[in-house]
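# Summary of the model geometry
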Amino acid sequence: MDMDSSRSLCCILLLVLFGISIQYQCFASEINADQTALLLVNASEASARKMPDTLFGIFFEEINHAGAGGLWAEFVCNRGFESGGSFTPHRIEPWSIIGNNSSVIVSTDLSSCFDRNKVALQVEVLCDNGGANICPDGGVGVYNPGFWGMNIEHGKSYKLVFYVRSDKPINLLVALTSSNGLNKLATKTVVADNVSNWTKVFVLLEAEGTDSNSRLELRSTTKGVIWFDQVSLMPLDTYNGDGFRKDLFGMLKDLKPAFIRFPGGCFVEGERLKNAFWWNETIGPWENRPGHFGDVWGYWTDDGLGHFEFLQLAEDLGALPIWVFNSGISHKEQVDTSDILPFVQDILHGLEFARGAPNSRWGSVRASMGHLEPFDLKYVAIGNEDCNYSKYRGNYLKFYSAIKEAYPDIKIISNCDGSSKVLDHPADLYDFHIYATASEIFSNASRFDDALRSGPKAFISEYAVHGKDTGKGSLLAALAEAAFLIGAEKNSDVIEMASYAPLFVNDKDWRWTADAIVFTSSQAYGTPSYWMQHFFKESNGATLLTSTLQANPSNALIASAITWRNETDNNNYLRIKVVNFGSSRATLNISISGLSLQSSGATKTILTSSNVMDENSFTDRKKISPVKTMLGEVSENMDVTLLPYSFTSFDLLRKSISIRTVTTASDLESSF
């Protein structure tokens, strides 16, 4: 090839590359350019539809130490020394020894006075307060650090309960101290001449300091053998005195959940049936509850948060309880249908416990626990994710028939998906779970557009973005989930309920990511997915309007429209929610027919951030949280701007309604 030919070829290649570059730049410019879309909202009565009162709620599972060391405010971890099973010698972690081998020997035996909790802690004090072997200052014994530290706060009171036995008089020092034991926050002395039989001891500890990483100590300076069992420490200021940690309970209450599903999840099944959640092992006095190893999530729970407490939690939240019970199936075992009747009878007992008269066999047990009136239990789910097990349908039908005969008003939820084909068994609702990437969850907003319009309705009891898009709770995940819930609103004629999962995670025990609420012993924050759910808390029982998006070129937008009444200001609003799942700013032209709006009094609330993978944290708890501002003049035809990767809610005040003026930033925040 000659030089001129080579030069010509190079010029041609440069022109081609330049053309490709120009074409790419034009394409990129088109992608990043502002987009314009049209939203038609028809508010006529003929097109409107009331959504279920039960549409959005919450789901609690004992995972990530959500209950033990979390919502359930018990401070002592392994309070009955049972976490290693009923055998000796026995592990007592996280209990640890104060002293050395020359001053104290700690072991376990089966001498407890509780038939279902036989393990007791034996502390042999070798030193004394005089003589050759004098105890170190403060004495020797054991301490418990709780669930990664006990949060002790100055001025607050804590109720310590424990059982003790000794052949000699006791002189104990009980204390709340810093993690190294050097700083004492609260102390009391327990002196007793005769505890030869197991004796229950109550101590009220009043904190004179604050430490979120505290521990409980039990010490003695008197030579002898002391047995301890069932050691409990709880703050006095739990919600309504019912045992729930106030800040975490408050975050649930703020969601205004219509229902709460409990206690799981895989926690209900267990890897093995012996480690499933059995309701009748979790009621009655806490000292008599045997606890169990939750082998799916890999830790022990003493079941202080049991069947009764879950029902109480629902009542405290003003939410309908949805009880998920074991169908005779674990992850690795199945009970044959021919042997399922004892399991069925056990569930009937559990329903009588919840709903029976106070003079009935099991209703009287509930009444003895302090709740004379029945609980409002109207929904049960037979199993969790069990549809593909060979014994499920046979077992299900046995449960279904027995429950319907005894409680015909109870709605029964099947584990089998009835969205695309008719179920081969009777059910009031069917359970639907979805965990997927953000793009998949976003695209599943239309999942129920073609679902069967007759037969049982859907209960989307577990949904969340899971995997590479989550981190520890990203904006991207929340936006996809918001789009999915907008789809649930638009299909609420066939969807009765929906709840996010999981609800809680202790920051020291991430067994699943991401979650709605992250906490430690003393702090908590909501992930973007938690704040996203706030946009839907007025949707229960609201009126869904027909809304149609047109000229949505990238299909990155999804919207819904509802009318609702604000109980705070007694005004009626039109709420339009829009997710922009794209990287470009969008202009949305909103055209409303069928109702008139006030020109003022409207607000806009946005959930967004500068980076779609941003997360909240303990150092910036509300980095991604709803920001509410006043809108300018509005009308039935108006243009609004949607930021890239954002979730926006417009609350427009309807005409002929008295206006409550909101002017300050604090007013705006509290109104949301």
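Residues numbered from 1 in each chain as written. Predicted model: local features only at pLDDT ≥ 70, side-chain atom pairs only at ≥ 80, totals over all residues. Heavy atoms only, no water.

### Examining the side chain of R289
Threshold: Strands are runs of DSSP state E lasting at least 2 residues, helices are runs of H or I lasting at least 4, and numbering of each runs from the N terminus. Distance and chemistry together define a polar contact, namely a pair of N or O atoms within 3.5 Å, with one atom able to donate a hydrogen and the other to accept it when in protein, and with adjacent residues in sequence counting only for side-chain atoms on both sides.
Looking at where R289 falls in the secondary structure, it is placed in the loop between α3 (266-269) and β16 (292-294). A distance of 3.0 Å separates a polar atom in the side chain of R289 from the backbone oxygen of T282.

### Focus: the UniProt feature "domain: Alpha-L-arabinofuranosidase C-terminal" (unreviewed entry) in the protein
The condition that has to hold: UniProt positions are given in the numbering used here, feature names are shortened, and annotations may be inferred rather than shown by experiment.
In the numbering adopted here, UniProt assigns the feature "domain: Alpha-L-arabinofuranosidase C-terminal" (unreviewed entry) to residues 461-646. In the segment residues 461-646, helix accounts for 12% and strand for 39%; the C-alpha atoms at its two ends are 25 Å apart.

### Some words on the packing of aromatic side chains
Where we set the bar: Each aromatic pair joins two rings of Phe, Tyr and Trp (for Trp, the six-membered one) with centres within 6.5 Å, and gets the label stacked for planes under 30 degrees apart, edge-to-face for over 60, and tilted for any other angle. Note on classification: 1.4 Å probe, protein chains only; a residue is buried when its accessible area is under 20% of the maximum for its type, exposed when over 50%, partly exposed between these limits.
For the coordinates displayed, the defined rule picks out 36 aromatic pairs. Ring centres of F60 and F310 lie 5.5 Å apart, and the angle between their planes is 55 degrees; on these two criteria the pair is classed as tilted. One end of the pair, F60, is in the loop between β3 (56-59) and β4 (96-98); the other, F310, is in helix α4 (residues 307-317), and 250 residues separate them in sequence. Per residue, the accessibility class of F60 equals that of F310, and both read buried.

### Looking at the state of the cysteines
The condition is simple: Criterion for a disulfide: a pair of cysteine sulfur atoms within 2.5 Å.
Here the structure, examined in full by the defined rule, presents two disulfides. Through a disulfide, C127 is tied to C135; the S-S separation comes to 2.0 Å. Taking the torsion about the S-S bond as the criterion, the C127 to C135 disulfide, at about 95 degrees, is right-handed. When its relative accessible area of 10% is taken as the criterion, C135 is described as buried.

### Things to note about unusual backbone geometry
Looking along the chain, the bond that leaves E93 and enters P94 is cis, with omega of 5 degrees. Position of P94 relative to the elements: it lies in the loop between β3 and β4. With an omega of -5 degrees, the peptide bond running from F262 to P263 counts as cis. Looking at where P263 falls in the secondary structure, it is placed in the loop between β15 (259-262) and α3. In this structure, A551 takes a positive phi of about 50 degrees despite not being glycine. Checked against the element boundaries, A551 lands in the loop between β27 (543-550) and β28 (557-566). Taking relative accessible area as the criterion, A551 reaches 52% and is therefore assigned exposed. Residue N570 is not a glycine yet carries a positive backbone phi of 60 degrees.

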